[in-house]
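As a plain string of letters, each chain reads:
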Amino acid sequence: MKTIEVDDELYRYIASHTLHIGESASDILRRMLKIATAQTASGSQAPVKSATAAAPAAPAVAEKPANNARGRVRAMRELLLSDEYAEQKKAVNRFLLILTTLYSLDESAFGAATESLHGRTRVYFASDAQTLLKSGNQTKPKQVPATPYWVITNTNTGRKCAMVEHIMQSMQFPAELIEKVCGTI
């Protein structure tokens, strides 16, 4: 196996095409380039160009990520690989970035998911800080950036993960991605 160096932007692009946890960069590139592997007589793998790869590529069409499941998954993966996300030292800041991204992908689905999300005695999301303060003195409400929503932040990381998990499940994200996102909070 050979090692190649790629810049950060190209690495993020390749990683954004990951289909499952543990998929290697070689597997991602083979899939993207439509290159299959075949066993040679010596038992080692040799690349074999597939017949479909010779066909001309379809013109790229710009799509709004929120309009399709693939684009939404890609947007979440790009968030996880972004410098802005990596620079966050506090779980609450990563939590807010995730919520902002989820809202930007589908405002109505995000709203529907947060309506049904509350604790036994606490409201987790509201349109103003006062509503959250009424459900507890120590809720530490913060506005989710670039959204009309406020969220309580005085919860442990496990509860923050549970909130993100609930929202992502409601928005029908793949389980592997939900697990990956929650694992980074």
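All values reported here derive from a predicted model rather than from experimental measurement. Every chain is numbered independently, its residues counted from 1 as its sequence is written. Local features are withheld for residues below a pLDDT of 70 in this predicted model, meaning they are given only at 70 or higher, and side-chain atom pairs are given and counted only at 80 or more; totals for whole chains, interfaces and linings count all residues. Hydrogens are left out, water is left out, and the side-chain values use all remaining heavy atoms of the structure.

(A) Spatial organisation of helix α5 (residues 91-105). Only DSSP runs of H or I covering at least 4 residues are called helices, and only runs of E covering at least 2 are called strands; the numbering of each starts at the N terminus. Each residue after the first adds 1.5 Å to the expected span of a helix. For α5, which comprises 15 residues, the first-to-last C-alpha distance of 21 Å matches the rise-based estimate of 21 Å (1.5 Å per residue) to within 8%. Along α5, 13 of the 15 residues are buried, which leaves the element largely enclosed by surrounding structure. Burial here depends on accessible area, computed with a 1.4 Å probe over protein chains only, as a share of the maximum for the residue type. Under 20% is buried, over 50% is exposed, and the range in between is partly exposed.

(B) Spotlight on the sheet that holds strand β4 (residues 141-143). In short, DSSP must find at least two bridges between two strands for them to pair. Taken in spatial order, the three strands of this open sheet run β3-β5-β4, and their pairing is antiparallel. Because the sheet does not close on itself, it has two edges, and the strands there are β3 (125-126) and β4. By the bridge criterion, two bridges tie β3 to strand β5 (residues 150-152) in an arrangement that is antiparallel. Among the inter-strand pairings, A126 is bridged to a residue of β5, identified as W150.

(C) Spotlight on the packing of helix α8 (residues 157-170) against helix α9 (residues 175-184). Look at α8 against α9: their axes get within 10 Å of each other, and the N-to-C directions meet at 155 degrees. By the angle between their axes, α8 is roughly antiparallel relative to α9. The way α8 lies across α9 gives a crossing that is right-handed. Mapping the contact onto sequence places C161, V164, E165, M168 and Q169 in α8 and L177, I178, V181 and C182 in α9. Side-chain classes are defined by residue name, with Ala, Val, Leu, Ile, Met, Phe, Trp, Tyr, Cys and Pro counting as nonpolar, Asp, Glu, Lys and Arg as charged, and the others, Gly among them, as polar. Tallied by class, residues from the contact of α8 with α9 come to seven nonpolar, one polar and one charged. Think of each axis as a best-fit line through the C-alpha atoms, taken over the contacting stretch in the case of a helix, with angles from 0 to 180 degrees between the N-to-C directions. By definition in this entry, angles of less than 35 degrees are roughly parallel, angles greater than 145 are roughly antiparallel, angles of 65 to 115 are roughly perpendicular, and the rest are oblique. Each helix crossing is assigned a hand: it is left-handed if the near helix lies turned anticlockwise from the far helix by less than a right angle, otherwise right-handed if that turn is clockwise. By the convention used here, residues are in contact when the closest approach between their heavy atoms is within 4.5 Å.

(D) Highlighting the environment of I28. With respect to the element layout, I28 can be found in helix α2 (residues 25-33). Along the primary structure I28 and H17 are separated by 11 residues, whereas in three dimensions their C-alpha atoms are 6.7 Å apart.

(E) Structural view of the environment of V73. Topologically, V73 is positioned in helix α3 (residues 69-81). You can call V73 buried: its relative accessible area is 13%. Along the primary structure V73 and T18 are separated by 55 residues, whereas in three dimensions their C-alpha atoms are 9.7 Å apart. Not counting chain neighbours up to four residues away, the residues in contact with V73 comprise F173, P174 and L177.

(F) Highlighting unusual backbone geometry. You will see that A146, though not glycine, has its phi angle at about 65 degrees, which is positive. Note that A146 resides in the loop between β4 and β5. A residue is classified by how much of its surface remains accessible, and A146, at 72% relative accessible area, is exposed. One non-glycine residue, Q172, lies in positive phi territory at about 65 degrees. Turning to its location among the elements, Q172 is positioned in the loop between α8 and α9.

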